[in-house]
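Listed below are the residues making up each chain.
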Amino acid sequence: MDGARCKLWQYNSLHRSIVLGLGNTVSDSARSWTPSDLPGLRLWYKFNQGLENESGAFPANTEEIEVWRDQSGNANDATATTDDVTYNGTEKCPFFLTVQAKFLFQKLVLGECSIFLRLKFQTGQNIDSGDIFADSATTNDFIKIQNNSSGSEEVRWKVNGSNKKFAPTEAFVVNEKYNLCFDRSAGGVLSAFMTSRADSTALNPMEKVSAADSAITNTFTTNTLFGGNDMFFYEMLVFTENLHSTDRNKLNEYLNSEN
């Protein structure tokens, strides 16, 4: 092939690749969507991945878990501090037996953020579960599910001593998987969402039951993942951006499809 014809062939090939989306764009577009495609992913503990026993191997059924590796790419691995976190081979996820069972990870200081949790309770009396996501050094920062003074369930998000309480969109029951989402806007306004068992494709906003419109200026500090009490914990993701509703629902569908 002479020089002129070679240059023409190269030009046509390049033009065809751009028009048809060939080359690297093919692999990008064909790749399955994951939460890594969302902005600001900071922490990701994923069910059935990154779990290790004390020997560094994937744990067997009912075996103690020592480490839960971060899948976000930020290497913020979580380490168990008690013997009460084990691997459940049926659920394919960590099982937290007591309220003391927990993982510690490198401290996060969050302003604007989105936090996703996927969990399931095993026994009804323990749905009033204590902390789920907290700071080990203080009682001023936590997320928890508990009963309020009237006996109804509420979800509490405490940020540097300032409390926001949310009413679940439906009562929590045993043996049901829930996705919970906690969002904080750039202006400090807190919101909470959860799946409905009747409509697991969409996250439904929880109604605020205290300080409905006020913003919190302080940061949310956390370094501890609890499993409540008698709880299966499938997944946790933390983003340093407040996700758009479209992205929240897409992530919700992804979690539902995973396990």
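Residues numbered from 1 in each chain as written. Predicted model: local features only at pLDDT ≥ 70, side-chain atom pairs only at ≥ 80, totals over all residues. Heavy atoms only, no water.

Novice: I'd love a proper account of the pairing of strand S11 (residues 153–159), names of residues and values included.
Specialist: Of all seven residues in S11, six are buried; the element is thus mostly enclosed. The pairing of strand S10 (residues 142–147) with S11 spans six bridges and is classified as antiparallel. Bridging from a neighbouring strand, Ile143 pairs with Trp157 of S11. Where S11 lies against strand S12 (residues 162–167), five bridges are found, and the strand directions are antiparallel. The residue bridging Lys158 from the neighbouring strand is Asn163, located in S12. Between S11 and S12, which pair antiparallel and follow one another directly, the connecting turn spans two residues, one of which, Asn160, has a positive phi of 50°. (Buried < 20%, exposed > 50% of the residue type's maximum accessible area, 1.4 Å probe, protein only. Helix = DSSP H or I, 4+ residues; strand = E, 2+ residues; numbered from the N terminus. Pairing = 2+ DSSP bridges.)

Novice: Explain the nonpolar core to me, using residue names and the numbers behind them.
Specialist: Counting residues in each nonpolar core, the largest one holds 43 residues, and the members touching the most others are Ile115 and Trp157. The element best represented in this core is strand S8 (residues 113–121), accounting for five residues. Grouped together as the second largest cluster of nonpolar side chains are 13 residues, Leu38, Leu41, Phe239 and Leu243 included. (Core = buried A, V, L, I, M, F, W, Y, C linked by side-chain atoms within 4.5 Å.)

Novice: Residues and numbers for unusual backbone geometry, please.
Specialist: One non-glycine residue, Ala75, adopts positive backbone phi at about 55°. Along the chain, Ala75 falls in the loop between strand S3 (67–68) and strand S4 (78–80). Relative accessible area serves as the criterion here: at 60%, Ala75 is assigned to the exposed category. At Asn175, a residue that is not glycine, the phi angle is positive and equals roughly 55°. One can find Asn175 in the loop between S12 and strand S13 (177–184).

Novice: Which residues make up the sheet that holds strand S7 (residues 102–110), and what values go with them?
Specialist: Strand order in the open sheet made by the 10 strands is S2-S3-S4-S7-S17-S9-S10-S11-S12-S16, with antiparallel pairing throughout. Of all strands in the sheet, those with a lone pairing partner are strand S2 (51–52) and strand S16 (207–208), marking the two edges. The sheet contact formed by S3 and S4 spans two bridges and is antiparallel. Its bridge partner lying in S4, Trp68 is registered against Ala78.

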